[in-house]
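Coordinate inspection notes
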Amino acid sequence: MTTNKRTASSLMNDDIEAKKLKTEIDSTSLISTISKESIPSFVDDNITKKKICEYGEKCYRQKNPKHTAEYDHLSTSASTSAKDVNKRLTPVEKIEQSEPYRFFLSTVHGIQDNYNQTNAISLKEILSTEHGQLIRSAQFNYMFDIEFLLEQYPSEFRLKPLLIVHGDSRDDNHSLKTQCSLYPQIELCPARLDIPFGTHHTKMMFLLYETGLRIVIHTANLISQDWRQKTQGIWISPICPKTNDTRESKTNFKKDLLDYIEQYRARQLQFWQKTINEHDFSSINVHIISSTPGRHTGANINKFGHLKLRQTLKNYLNLENNEQYYSAPIIGQFSSIGSLGPNANSWLTKEFLTSLKQLNTNSFDSPELKLIYPTVENVRTSFEGYIAGGSLPYNMQTAMKQTWLINYLHRWKADHRQRSRASPHIKTYLRVTNDQYKNLLWFLVTSANLSKAAWGVLEKNNTQLMIRSYEIGVLFIPKQFSQTIFPLFDSSSFPIPYDLPPVKYESTDKPWIVDMTYKNQPDSHGNMWDPHD
């Protein structure tokens, strides 16, 4: 057996999301040892090659091995659905069909095309010329590959002014300045990180068209591997028209977005602050939940982090007879885990859960908390194989201090969206109405992982919220969609990203830990994982 070793730097540029390992952030530096073995039997090598047979389950040639090797035979209903989407929806049609939620997963290479049509969109489709004539844009993110990003813009938009908002670290600044040196249309805006171990983790786009302004809030880095075979979450606003007044949405979206942008205190963002003020956001029906670095006190304590989520749920849920929901389960799903303390009550089930369980009135009940984080087996059998684990930077040092966390952990599973093997980089938090998992009370998609750095920790006898990182997400509340709950199983179903109810870890399941060696079994490409070799 031949072994081919690849350096950490080549992996970062080619296959994984990797940066210097810090506490409570999405980052890692590693080495993978790759063995050239045959692809294991659990991988369907034809998954990207098979066509859909037009006769579906009624096809008389299903006993012919040559025919079945070339064609999949869906049930009648699924076959009809496949025919419907084989016409391929345009980017504009995809957004129209996503109403009223406008929530998407990223398209995934290697799954049947019909699962990439409904409520799924690519970066090129987001930036397509079909949406109008682009004037300029801004991209907020954690990791950038500038050449890749520019290739996603239509050729006629690539010379338009582009602002890159990034973390203010020496490595980030040097790398991005080098990448951008050939592109005079690009301006850089470093985000101040005044508190140690903080990151600029926000993932957001401003797209200014001749017809108005669009905001996109998502979970993907602007690097090729994040948009190929991972599960990412994306919310796309309407194109908000220019207005002569300060028209606001019923969710205070404009105010909250401006509050967030002001925290950068950046000259480069003044144009965008003015532009946001000049546009009509009244058609937006989601709430912004963001985090910005600092020690927030007084009137600002509820503006950011988990206290912003708590305050928004309290003010807007407006449930009738909300006592019936006191024990309704809460789910958190994420791609990284920070240091949470020596026991669950240190922060998770005390401070953080208090925000997540907030209803119209306070409840002393402690609802069940289920946390979804990939197992080693989830990573091994994923489309990317062990390389996917580079974007799941939970490290051994942190994990060993909180072994209690495994009692809350559940597997990643998304069969109904055909994304069980598309490793999750999406982050979501939600609450169902009861243990039947048929309806949602609310849903949040965000850049924020499970960490105090992202969500904040209370200090000074609960008078101060300390946050290290920039994060942003959008919260869906039924009231803002003229509903009492979000159904999951009817014609107006909310497009939930994964299967419910979550499947609890079995005794043999282990959470993926990025700096552990995995050599017992090869992954879906016949490779092993050794960060120390």
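Each chain carries its own residue numbering, running from 1 in the written order of its sequence. With the structure being a predicted model, the display of local features is reserved for residues of pLDDT at least 70 and the display and counting of side-chain atom pairs for 80 or more, all residues being used for whole-chain, interface and lining totals. Side-chain numbers here rest on the full set of heavy atoms in the structure, without hydrogens or water.

**Focus: the packing of helix H8 (residues 253–262) against helix H9 (residues 270–277)**
- Remark: H8 packs on H9, axes separated minimally by 10 Å, with the N-to-C direction vectors making an angle of 170 degrees. One element, H8, and the other, H9, form an angle in the roughly antiparallel class. When H8 is examined against H9, the residues Lys254, Leu257, Leu258, Ile261 and Glu262 are found in contact with a partner set consisting of Gln273, Ile276 and Asn277. Each axis is a line fitted through C-alpha atoms, and for a helix only the stretch in contact is used; angles between axes span 0 to 180 degrees, taken between their N-to-C directions. Put simply, DSSP marks the helices as runs of H or I at least four residues long and the strands as runs of E at least two long, and each gets a number from the N terminus on. Reported orientations rely on four angle classes, namely roughly parallel under 35 degrees, roughly antiparallel over 145, roughly perpendicular from 65 to 115, and oblique for the rest. Residue contacts are counted whenever heavy atoms from the two residues lie within 4.5 Å of one another.

**Overview of the pattern of salt bridges**
- Put simply, a salt bridge is a Lys or Arg side-chain nitrogen that is within 4 Å of an Asp or Glu carboxyl oxygen. For the structure on display, the rule yields 20 salt bridges.
- Glu377 is paired through a salt bridge with Arg380; the nearest N and O atoms lie 2.8 Å apart. Of this pair, Glu377 and Arg380 both sit in helix H12 (residues 376–380), three residues apart, which is roughly one turn of that helix.
- Looking at Glu377, the relative accessible area reads 37%, which means it is partly exposed.
- For every residue, the accessible area (1.4 Å probe, protein chains only) is compared with the maximum for its type, and the residue is labelled buried under 20%, exposed over 50%, or partly exposed between those bounds. Using a relative accessible area of 7% as the deciding quantity, one classes Arg380 as buried.
- One network of salt bridges, in which partners are shared, links Arg192, Asp194 and Arg265.

**Digging into the UniProt feature "binding site: substrate" (unreviewed entry) in the protein chain**
- UniProt positions are given in the numbering used here, feature names are shortened, and annotations may be inferred rather than shown by experiment. UniProt tags Lys203 and Lys427 as "binding site: substrate" (unreviewed entry). Spatially, the listed residues are clustered: although they cover 225 residues, their C-alpha atoms lie within 11.7 Å of one another.
- Checked against the element boundaries, Lys203 lands in the loop between strand S9 (186–191) and strand S10 (204–209).
- In this structure Lys203 comes out as buried when scored by relative accessible area, which is 0%.
- The contact partners of Lys203, leaving out residues within four places of it in the chain, are Phe140, Asn141, Tyr142, Val216, Ile217, His218, Thr219, Ala220, Asn221, His425, Ser447 and Ile472.
- Mapped onto the elements of the fold, Lys427 is located in the loop between strand S19 (423–424) and strand S20 (428–432).
- Looking at Lys427, its side chain comes within polar contact range of the side chain of Ser335, at 3.2 Å. Any pair of nitrogen or oxygen atoms within 3.5 Å is treated as a polar contact; in protein, a donor-acceptor pairing is required on top of that, and neighbouring residues in sequence qualify only through side-chain atoms on both sides.

**As for the pairing of strand S13 (residues 233–236)**
- Alternating positions in S13 separate into two faces, Gly233 and Trp235 on one and Ile234 and Ile236 on the other, with burial throughout.
- By the convention used here, strands pair only if DSSP detects at least 2 bridges between them. As paired strands, strand S5 (residues 103–106) and S13 are joined by three bridges and run antiparallel to one another. The residue bridging Leu105 from the neighbouring strand is Gly233, located in S13.

**A few points about the sheet that holds S9**
- Here eight strands make up an open sheet; going across it, the order is S6-S5-S13-S11-S10-S7-S8-S9 and the pairing mixed. Bordering the open sheet on either side are strand S6 (120–121) and S9, each of which pairs with just one other strand.
- Contacts between H8 and the sheet are confined to strand S7 (134–140), S10, strand S11 (212–218) and S13, with S10 contributing the most and set at about 115 degrees to the helix.
- Along the sheet, H9 contacts S7, strand S8 (162–167), S10 and S11; its crossing angle with S10, the most-contacted strand, is approximately 65 degrees.

**Points about the packing of aromatic side chains**
- Between rings of Phe, Tyr and Trp, where Trp is taken as its six-membered ring, a pair exists when centres lie within 6.5 Å; planes separated by under 30 degrees are stacked, by over 60 edge-to-face, and by other angles tilted. For the structure on display, the rule yields 33 aromatic pairs.
- On the basis of an interplanar angle of 65 degrees and a centroid distance of 5.0 Å, the ring pair of Phe140 and Phe206 is categorised as edge-to-face. Separated by 66 residues along the polypeptide, Phe140 in strand S7 and Phe206 in strand S10 bring together distant segments of the chain. Residue Phe140 shares its accessibility class with Phe206, and that shared class is buried.
- Considering the side-chain rings of Trp412 and Tyr498, the 5.9 Å spacing of their centres and the 70 degrees angle between planes classify their relative orientation as edge-to-face.

**Concerning the pairing of strand S16 (residues 330–333)**
- Because side chains alternate across S16, one face comprises the buried residues Ile330 and Gly332, and the other comprises Ile331 and Gln333, equally buried.
- The pairing of S16 with strand S17 (residues 369–372) spans four bridges and is parallel. Across the sheet, Gly332 pairs through a bridge with Leu371, a residue of S17.
- Examined bridge by bridge, S16 and S20 share four bridges and lie antiparallel to one another. Paired with Gln333 across the bridge in S20 is Thr428.

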